Structure formats: structure tokens, C-alpha cells
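# Summary of the model geometry
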Amino acid sequence: MATSASVSNLFQAAAASRARPLAIARWLEIVALLVVLIVVVGGITRLTESGLSITEWNVVSGILPPLTEAAWQAEFAKYRLTAEYRIESGPAGMDLAAFKFIFFWEWFHRILGRVIGLAFLLPLIAFAALRAIPAGYGWRLLAMFALIVGQGALGWYMVSSGVGATNLTDVSHFRLAAHLLTALFLLAGLVWTARDLRVLARDSAARPAPLTAGAALVAGVLFVQLLLGAFVAGLNAGHAASDWPLMNGRLVPEADFSNGVLFTLFNDPFLLHFLHRWWAWIAVAALVWLAQAVRKTARLESVLVHTAVGTMVLLGIATVMSGVSLWIAAAHQLVGALTVVATVRAMHALGRTAR
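Residues numbered from 1 in each chain as written. Predicted model: local features only at pLDDT ≥ 70, side-chain atom pairs only at ≥ 80, totals over all residues. Heavy atoms only, no water.

## A closer look at the overall build of the protein
- The secondary structure content of the protein amounts to 12 helices and 0 strands.
- Walking the protein from its N terminus toward its C terminus, one meets helices and strands in the order α-α-α-α-α-α-α-α-α-α-α-α.
- Based on the C-alpha atoms only, the size of the protein along its principal axes is roughly 85 × 55 × 35 Å.
- Within the span of the protein, comprising 355 residues, buried residues form 45% of the whole.
- Intrachain contacts of the protein at a sequence separation of at least 6 include 79% that bridge at least 24 residues. (Helix = DSSP H or I, 4+ residues; strand = E, 2+ residues; numbered from the N terminus. Buried < 20%, exposed > 50% of the residue type's maximum accessible area, 1.4 Å probe, protein only. Contact = heavy atoms within 4.5 Å.)

Structure, rendered in C-alpha cells:
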């Protein structure tokens with residue numbers, strides 16, 4: 001028995017010696033940066049009404065944009081068949097130059113998705129072939145790759161809701177919310193796993209940080225705020241009011257409940273705008289609590305959370321008062337993604353302290 005245990009320990013030691021937790025952590029952090037970038041580009045795509053400009057999902061042939069005038073005209077003809085073009089383009093219609101602008105953002109968004117897929121898959125294969133993945137982390141990496149693949153399919157599922165519609169000029173805000181929140185969940189997984197691996201690189205006996213009850217509660221509060229923000233974006237509800245703190249001169253906007261409370265809660269742009277701007281303060285309170293909880297043990301994470309929260313609130317107010325300026329709204333979405341990063345780092349620090 002002693003000999004068998006010794007052999008087992010030798011195999012474990014050999015496997016541990018091949019593991020490269022720090023290299024994998026750095027790779028995951030690069031992928032996380034790409035995810036932040038695609039979230040911002042996705043926001044710009046939504047704000048410029050570009051999401052329906054490409055009416056097909058061609059995984060390989062869709063890598064290159066149209067290269068000839070005839071190809072551009074063919075793509076433009078497909079877009080002119082959508083309800084978005086027929087209803088919103090107006091009597092003057094849209095010229096080819098304007099179509100190329102919106103086509104670029106949707107194409108760039110899709111290209112980034114492919115880049116993220118390859119940036120994850122190829123190093124994953126290399127690390128697996130070298131047996132450099134620490135024990136217990138292989139399933140996490142596979143789950144994150146599955147999320148990336150699923151995200152691509154979910155993106156097309158979202159676009160198809162607008163392309164195939166006969167009287168809708170936008171994609172389903174429910175599908176948009178699922179698409180965005182899946183990306184942010186992937187971002188959280190990348191950051192959390194990278195933090196675990198950095199700790200493992202310093203201490204080979206370290207175990208993954210647990211999710212504490214307090215951190216889970218903060219995550220739930222932030223999830224609600226992000227969900228409301230996705231609904232606001234999908235319904236163009238940011239345009240429901242351009243004043244703050246009142247909405248169109250009222251503290252509480254009128255809501256039409258004639259179709260039922262649940263329908264109004266998930267579909268009324270005025271009510272969702274109102275909920276998004278005021279649930280934000282509950283999210284601020286939860287995040288400030290988290291930042292204070294890790295202030296002594298993780299000073300950097302505390303500063304990052306405070307900075308992200310303050311900036312996000314200011315940009316949210318500026319977005320409303322600017323009438324949803326493109327670049328202010330895009331910056332708001334960028335800081336929203338960075339808030340997720342800062343929050344996950346602080347949640348991880350809280351779990352390490354609890355352990």
C-alpha cells in the first residue's frame with residue numbers, strides 16, 4: 001500500500017510540475033479583455049441600429065465583407081427587405097454609404113466573436129496537449145468554451161428575431177438581454193478562474209476561492225441591474241426621458257397596466273427606464289458594501305469597485321441627459337462591463353478571506 005501511494009504521489013507531482021497556472025491565467029485575462037471589447041462593440045451596434053444589417057449567418061464565408069460594388073448592392077437589397085428598413089428608413093430611404101456604416105459595426109461585432117473563439121480554442125488545445133492545465137480546471141475551461149460557442153448561436157437567434165419579423169424594427173429585447181448577460185457571465189467566469197490560477201501559481205496547495213453568501217447577494221443585485229439595462233437597450237427605453245432625477249417632469253412615470261402587470265413590467269419602456277435608474281442605487285449600496293468588506297485585505301479591488309460604480313452612475317445620468325449620445329452610452333456600457341470585472345475580483349477576494 002505504501003508503495004502504491006508513493007507511485008501515486010509521484011504521478012501527481014509530475015502532473016503538477018507540468019501545470020502552468022500563471023500562463024493560463026494571463027491567457028484568460030487576454031480573452032477577458034476581448035470580451036469587454038466585444039461588449040462595447042455590441043453596444044455600439046445596438047445604438048447605431050446596425051444589428052439587422054447582415055441578414056444571414058455564414059460562419060466561414062461571412063468572414064470577409066463585400067469586396068465588389070455588386071456584392072454590396074446584393075447585401076443592401078437583402079437589408080431593404082427587412083421590416084426595419086421598410087418602416088424606419090423614411091421616404092428618402094437609405095443610401096449605400098449609410099448602409100456600409102451600419103454593416104461595418106455588425107460585421108466587426110461578428111468578427112470579434114470569431115476572434116474570441118479562436119483565441120480561446122487554440123491555446124486551450126495547446127495547454128491540453130502539453131498537460132499544462134492544473135487538476136480540476138479542465139472542466140471550467142471546457143464550460144467557458146461551450147459558452148463562447150453558445151454565444152455565437154445565441155447572437156444569431158437574437159438577430160433572426162428581427163430579420164424574420166414582418167412588423168418589428170428591432171430584435172427581441174429578451175433575446176438581446178440573454179445575449180448580453182451570457183457574455184457578462186462568461187467575462188465573470190474568465191476573471192474568477194484567472195484569479196484562482198494566480199493564487200495557485202503562488203501556492204501549489206491553494207484551493208479555489210468559495211462564493212460567499214454576501215458575494216452571491218451582491219451578484220444577484222448587480223444581475224438585476226444589468227438585466228434592466230439590457231431591456232432598456234433593447235426597447236430603446238433610454239429615449240423615454242431626457243431629464244434627471246425626474247422623468248418627463250414626474251418622479252414616477254405613468255405606466256399602462258391594461259395588458260397585465262407582468263407584461264408591463266417586462267415590456268413598458270417608461271417603467272423599465274424608471275426601474276433601471278432607481279435600482280441602480282440599490283446596486284450602488286450593495287457594491288459599496290462589497291468594496292468596504294474587502295478594503296483591508298484587498299485594497300486594489302476595493303478601489304476598483306468604488307471607481308467603477310461612481311463612473312457608471314455618472315455616465316448613466318449623462319447618457320439620459322444627452323439624449324442617449326452614442327459615445328456616452330457606449331462608455332456607459334464599457335464601464336458596466338468593467339464593473340463586472342471589478343465586482344468579480346472583489347467577490348473572489350472576499351471568498352479567499354472567508355477561506
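## Looking at the packing of helix α11 (residues 299–321) against helix α12 (residues 326–354)
- The N-to-C vectors of α11 and α12 enclose an angle of 155 degrees; their axes lie 8 Å apart at closest approach. Put simply, α11 runs roughly antiparallel to α12. Seen from above, α11 lies across α12 with left-handed handedness. Note on element contacts: α12 touches α11 through I328, A329, A331, H332, V335, G336, T339, A342, T343, R345 and A346, opposite L300, E301, L304, V305, A308, T311, M312, L315, G316, A318 and T319.
- A breakdown of the residues in the contact of α11 with α12 according to their chemical character gives 13 nonpolar, 7 polar and 2 charged. (Axes fitted to C-alpha atoms, helices over the stretch in contact; angles between N-to-C directions. Parallel < 35°, antiparallel > 145°, perpendicular 65-115°, else oblique. Left-handed = near helix turned anticlockwise from the far one by under 90°. Nonpolar A, V, L, I, M, F, W, Y, C, P; charged D, E, K, R; others polar.)

## What to know about the packing of helix α10 (residues 269–293) against α12
- At a minimum axis separation of 10 Å, α10 and α12 run at an interaxial angle of 35 degrees. Handedness of the α10/α12 crossing: left-handed. On α12, the residues that touch H276, L287, W289, L290 and A293 of α10 are H332, T339, T343, A346, M347 and L350.
- Among the residues forming the contact of α10 with α12, the class breakdown is 7 nonpolar, 4 polar and no charged.

## Description of unusual backbone geometry
- A cis amide bond links W244 to the next residue, P245, at an omega of 10 degrees.
- Within the secondary structure layout, P245 lies in the loop between α8 (213–234) and α9 (261–267).
- Here E49, not a glycine, exhibits a phi torsion of approximately 55 degrees, which is positive.
- The topology assignment puts E49 in the loop between α2 (21–47) and α3 (69–79).
- Not every positive phi belongs to a glycine, and N248 is a case in point at roughly 55 degrees.
- Note on placement: N248 falls in the loop between α8 and α9.
- Residue class for N248 comes out partly exposed when judged on its relative accessible area of 47%.

## Some details on the layout of surface pockets
- When its volume is computed, the second largest pocket comes out at roughly 640 Å³.
- Taken together, 22 residues form the lining of the second largest pocket, with L184, F185, A188, G189 and V344 sitting closest to its centre.
- Residue assignment for the lining of the second largest pocket shows that the elements contributing at least two residues are α6 (138–163), α7 (173–202), α8 and α12.
- Considering only residue class, the lining of the second largest pocket consists of 18 nonpolar, 3 polar and 1 charged. (1 Å grid on protein atoms, 1.4 Å probe; cavity = no way out; pocket = protein on both sides within 12 Å on 5 of 7 lines; lining within 4 Å. Points joined across faces, edges and corners; volume = space filled by probe spheres on them.)

## Structural notes on the packing of aromatic side chains
- In total, this model carries 16 aromatic pairs according to the counting rule given.
- Between the aromatic rings of W105 and F108, the centroid separation amounts to 6.5 Å while the plane-to-plane angle is 50 degrees, which identifies the pairing as tilted. Residue W105 and its partner F108 are both found in helix α5 (residues 96–129); the two are separated by 3 residues, about one turn of the helix.
- Looking at F108, the relative accessible area reads 25%, which means it is partly exposed.
- Among the aromatic residues, those joined into a cluster by ring pairs are W72, F76, Y79, Y85, F99 and F103. (Phe/Tyr/Trp six-rings, centres within 6.5 Å; stacked < 30°, edge-to-face > 60°.)

## Section: the nonpolar core
- Grouped together as the largest cluster of nonpolar side chains are 89 residues, with contacts concentrated most on W27, L28, F120, L184, L187 and L190.
- With 15 residues, the single largest contributor to this core is α7. (Core = buried A, V, L, I, M, F, W, Y, C linked by side-chain atoms within 4.5 Å.)

## Considerations on α8
- In this model, α8 (22 residues) spans 31 Å end to end at C-alpha, consistent with the 32 Å of a helix rising 1.5 Å per residue.
- Those residues of α8 that fall on the buried side of the exposure criterion are A215, V218, V221, L222, Q225, L226, L228, G229, A230, F231, V232 and G234.
- Residues of α8 that are buried make contact with α2, α7, α9, α10 and α12.
- One or two residues past the end of α8 sits N236, with phi positive at roughly 55 degrees. (Expected span 1.5 Å × (residues − 1).)

So, to be careful, I would describe these as geometric facts and stop short of saying anything about function.
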